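# Observations on the model geometry
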Amino acid sequence: MCGVCGTYSPSGVIDRGLTAAMHAQLVHRGPDETYSLNTESICAKLGRLGFTGLTDGWQPAEDRSGRYVAMTNGEIYNAGALRARLGLGARGNGVDVCVVPELFARYGVEGLRLIDGQFATVVLDRAENALHLARDRFGICPMYYTEVDSQVHFSSELKPLVRCVDRARKVDLGAVDQYLSLGNIVAPRTLVEGVRAVPPGCAVRFDGDGSRTVRYWRYGEFTQASEPVTDAALREALRASVRDRLEADVEIGAYLSGGFDSTAIVTEAAALSAQPVRTFSVVFDDPGLDEGRFQREVAQAVGSKHEQIVCRPEDITARFEEMVRHCCYPQRETYNVAAMMLAGGVRDAGIKGVVSGEGADELFFGYDSYAFDGLARSRRTSRAENEQAWGRPDFGWEVDWDKVARRREGFLAPSAREALVGDEFWRSRLIPFADDEVRQLSRMQLRSIADVYVQMSGHLLGDHGDAMVMRHSVEGRYPFLANSVVDLALRVEDARKMADFEGKACLKSAYQGRVPQSVLQRGKHGFTAYDLQSSADARTWNDWRALVEATGLFAAGCLDRPAETDKWDFRISAISIALIMDELGLTL
């Protein structure tokens, strides 16, 4: 994983110092070495966190004709197979991402479908003087951009882009409404008006005539398998994916939460490794939060060298603001502080990369909500807003409309509510499916698609994933998101994923007798940490209250509201948005 940034100008007028300024704020993403790309129309830099081709690899990479040149952040796990397919041979550039410009030369943007991996790439087409910014299928690697005066500025992180590109910036009220309603911001939107995120599975092309977004892949093409997907097939696909994601010139560790997903991955990693796997977890003093017993049981069963990072209430208070100002993404819970501390512990142990279990719940129906979707007699209210957002009037994902209305009333200032009219979250289609396509999906399939695009891509892989691990120069790798595992998930019928109110039933069947029975039988335990208000002292809370009120965005007294009884505390959202507005200099 790396950090890439730069400026593209079709006219050839570029402030190259701007790229250097952005790169200086991205060094934590790639401290090992720096590469540069300079032509008449582009200036780009990439800070590398090296995993492969440490002695014989370099960037930028070119295709054999010299037409396409690319700077790529990420990992391509099937690079060997792609080299053979493209006729590149084993010699030459040893870095895995060198296949990207060759894929463009052979297949265009559609060539990105062939990649099994995680990437954000910058590809210059010299023949047409055009730029492509593209992300992997699920958006594991971030890419942000803004268009200013016929120039395109881009960066792996939001903050360097906003801070270095000299332009007055406003908070995006539609994005705020997305967060207060969904608990997430959905790409291409960001919290900053005029700054966009490249959507997962997409490439954005820029040239002298403007820009357009091309989708090369989307999640949700469910198919009926001609033969049932077997337990053995699921195990083999996950095992192969873990093997690929352990492949590197440096040691790769593993996150171990004590839940099923991470346990299955660690079990496979231990079987594949000649040496004990390095595993890492967070533990809490509060027994209601702590999963240490399960983590230790799994570590003992697989023989891993396990390390626990302790998170205490005072850590939440001391580091919450640091975490928010780093990732510049709104929060609804405090667990990202624990995630940031966990990544710091990994780096302190000398490990540069970890495998983690994100994706299993979304692909194999692991959340409790899927069980309710499967109830034939479940009553659902139809709304026109649902149809506009999701393509079906009777599907509202996790949105409670009464709570959304109360939240807007209680948290947004009257002027903000007035300005929001016409830009509410539901006015944009939130998933890449048309109405007629949505009607062909089961309710659980539609929820899976919504979970991927609304929750996983932006949050679980974004501020909770990439931003927290890269804060400490650590790369996250996600075996459940391998192409082969995803292909099987799309073929497994709903009834085998959610059986007898048990999510991920097919995966648990596949690992029966292979992971501890206590892990198979335990219920879903989300990653949570201490409550923010009870962790913070009165002075700190008052400082945050003053910052919230100074934005002009939020209603006076909103932090004095009692926390909602559901799983998210939107007072935390108000505080984090105020901190981001302060950090980035955003106005209403």
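Above this text sits the structure in question.
Below or above, wherever it landed, is the structure these notes cover. (Residues numbered from 1 in each chain as written. Predicted model: local features only at pLDDT ≥ 70, side-chain atom pairs only at ≥ 80, totals over all residues. Heavy atoms only, no water.)

### A look at the overall build of the protein chain
Definition in use: By definition, any uninterrupted DSSP run of H or I lasting at least four residues is a helix, any uninterrupted run of E lasting at least two residues is a strand, and each is numbered from the N terminus. Burial classes follow relative accessibility: with a 1.4 Å probe on protein chains only, a residue under 20% of its type's maximum area counts as buried, one over 50% as exposed, and anything between as partly exposed. Contacts are residue-level and defined by heavy atoms, with any inter-residue pair within 4.5 Å sufficient. With residues, only the protein chains shown are counted as cover, and all accessible areas are computed by Shrake-Rupley using a 1.4 Å probe. In this tally Asp and Glu are treated as negative and Lys and Arg as positive; neither His nor the chain ends contributes. To locate a charge, take atom NZ for lysine, CZ for arginine, CG for aspartate or CD for glutamate.
Across its full length, the protein chain carries 24 helices and 17 strands. Considering the protein chain as a whole, with its 588 residues, one finds that 62% of them fall into the buried category. Across the protein chain, contacts joining residues at least 24 apart in sequence account for 73% of those joining residues at least 6 apart. Total accessible area on the protein chain stands at roughly 21900 Å², and carbon and sulfur atoms take up 46% of it. Of the charged side chains in the protein chain, 69 are positive and 83 negative; the average position of the first set lies 2 Å away from that of the second.

### Regarding the sheet that holds strand β17 (residues 475-477)
Strand-to-strand pairing in sheets goes through backbone hydrogen bonds, with the strands running parallel or antiparallel. Filter applied, for reference: Think of it this way: DSSP has to see at least two bridges between two strands before they count as a pair. An axis is simply a line fitted to the C-alpha atoms; with a helix, the fit covers only the stretch in contact. Between two such axes, the angle follows the N-to-C directions and lies from 0 to 180 degrees.
Strand order in this open sheet of five strands is β15-β14-β13-β16-β17, and the pairing throughout is parallel. Here the strands that pair on one side only, and so sit at the sheet edges, are β15 (305-311) and β17. Taking each pair of neighbouring strands and ignoring which way they run, the sheet shows an average axis angle of 30°. Summarising the sheet, strand β14 (residues 278-284) and β15 pair through seven bridges and their orientation is parallel. Note on β15: the bridge partner recorded for Phe 284 is Cys 311. Taken strand by strand, helix α10 (residues 335-348) contacts β13 (252-255), β14, β15 and β16 (353-355), and its axis lies near 145° from that of β14.

### Quick look at the packing of helix α9 (residues 313-327) against helix α24 (residues 570-584)
Rules: Convention used here: angles under 35 degrees read as roughly parallel, angles over 145 as roughly antiparallel, angles from 65 to 115 as roughly perpendicular, and any remaining angle as oblique. Here is the rule for handedness: rotate from the far helix to the near one, and if that takes an anticlockwise turn smaller than a right angle the crossing is left-handed, while a clockwise turn gives right-handed. Residues are grouped as follows: Ala, Val, Leu, Ile, Met, Phe, Trp, Tyr, Cys and Pro are nonpolar; Asp, Glu, Lys and Arg are charged; every other residue, Gly included, is polar.
Interhelical geometry of α9 versus α24 gives an angle of 60° and a closest axis separation of 9 Å. For the element pair α9 / α24, the angle class is oblique. The two elements α9 and α24 meet at a crossing, and its hand is right-handed. Between α9, through Phe 320, Glu 321, Val 324 and Arg 325, and α24, the contact on the second element is made entirely by Ile 572, Ile 575, Ser 576, Leu 579, Ile 580, Asp 582 and Glu 583. Along the lines of polarity and charge, the residues of the contact of α9 with α24 split into six nonpolar, one polar and four charged.

### Concerning the pairing of strand β7 (residues 130-135)
Taken across its six residues, β7 has six buried, putting it largely inside the fold. Residues Ala 130, His 132 and Ala 134 point to one face of β7 and Leu 131, Leu 133 and Arg 135 to the other, with burial holding for every one of them. Both strand β6 (residues 117-125) and β7 contribute to a ladder of six bridges, which runs antiparallel. Opposite Ala 120, over in β7, you have Arg 135 as the bridge partner. Hairpin connection from β6 to β7: four residues lie between these consecutive antiparallel strands, with Asn 129 at a positive phi of about 50°. With four bridges joining them, β7 and strand β11 (residues 202-207) adopt antiparallel strand pairing.

### Section: the sheet that holds strand β2 (residues 33-38)
One open sheet accounts for six strands, arranged β2-β3-β1-β9-β8-β10; its pairing is antiparallel. Pairing within the sheet leaves two strands with one partner each, and these edge strands are β2 and β10 (196-197). Judged from the six bridges that link them, β2 and strand β3 (residues 42-48) form a sheet pairing that is antiparallel. Bridge pairing in β3 links Ser 36 to Lys 45. Contacts between helix α1 (residues 16-24) and the sheet are confined to β1 (2-8), β2, β3 and β9 (151-155), with β3 contributing the most and set at about 20° to the helix.

### With respect to unusual backbone geometry
In this structure, Pro 60 follows Gln 59 across a cis peptide bond, with omega equal to 0°. Structurally, Pro 60 can be placed in the loop between β3 and β4 (61-62). The peptide bond linking Ala 187 to Pro 188 adopts the cis configuration, its omega dihedral lying at 15°. Along the chain, Pro 188 falls in the loop between α5 (173-182) and β10. Even without being glycine, Asp 500 reaches a positive phi, approximately 55°. Topologically, Asp 500 is positioned in the loop between α19 (494-497) and α20 (505-510). For Asp 500, a relative accessible area of 77% translates into the label exposed. Non-glycine residue Lys 504 carries a positive phi angle of around 55°. Residue placement: Lys 504 occurs in the loop between α19 and α20.

### Considerations on the pattern of salt bridges
Going by this rule: Put simply, a salt bridge is a Lys or Arg side-chain nitrogen that is within 4 Å of an Asp or Glu carboxyl oxygen.
Evaluation of the coordinates by the stated rule reveals 45 salt bridges. Residue Glu 322 is joined to Arg 319 by a salt bridge in which the shortest nitrogen-to-oxygen separation is 3.1 Å. With Glu 322 and Arg 319 both in helix α9 and three residues apart, this pair spans about one turn of that helix. For Asp 569, the salt bridge goes to Arg 571, with nearest N and O atoms at 3.0 Å. Given the relative accessible area of 9%, Asp 569 is considered buried.

### Brief notes about the side chain of Arg 83
Selection rule: Pairing of N or O atoms within 3.5 Å defines a polar contact, subject to two protein rules: one partner must be a possible hydrogen donor and the other a possible acceptor, and residues neighboring in sequence count only if both atoms are side-chain atoms.
Note that Arg 83 resides in helix α2 (residues 79-86). Buried Arg 83, no salt bridge; nearest opposite-charge side chain is Asp 56, N-O distance 7.1 Å. Of note is the side chain of Arg 83, whose polar atom sits 2.4 Å from the backbone oxygen of Asn 93.

Take it as geometry only, folks, not as evidence of what the structure does.
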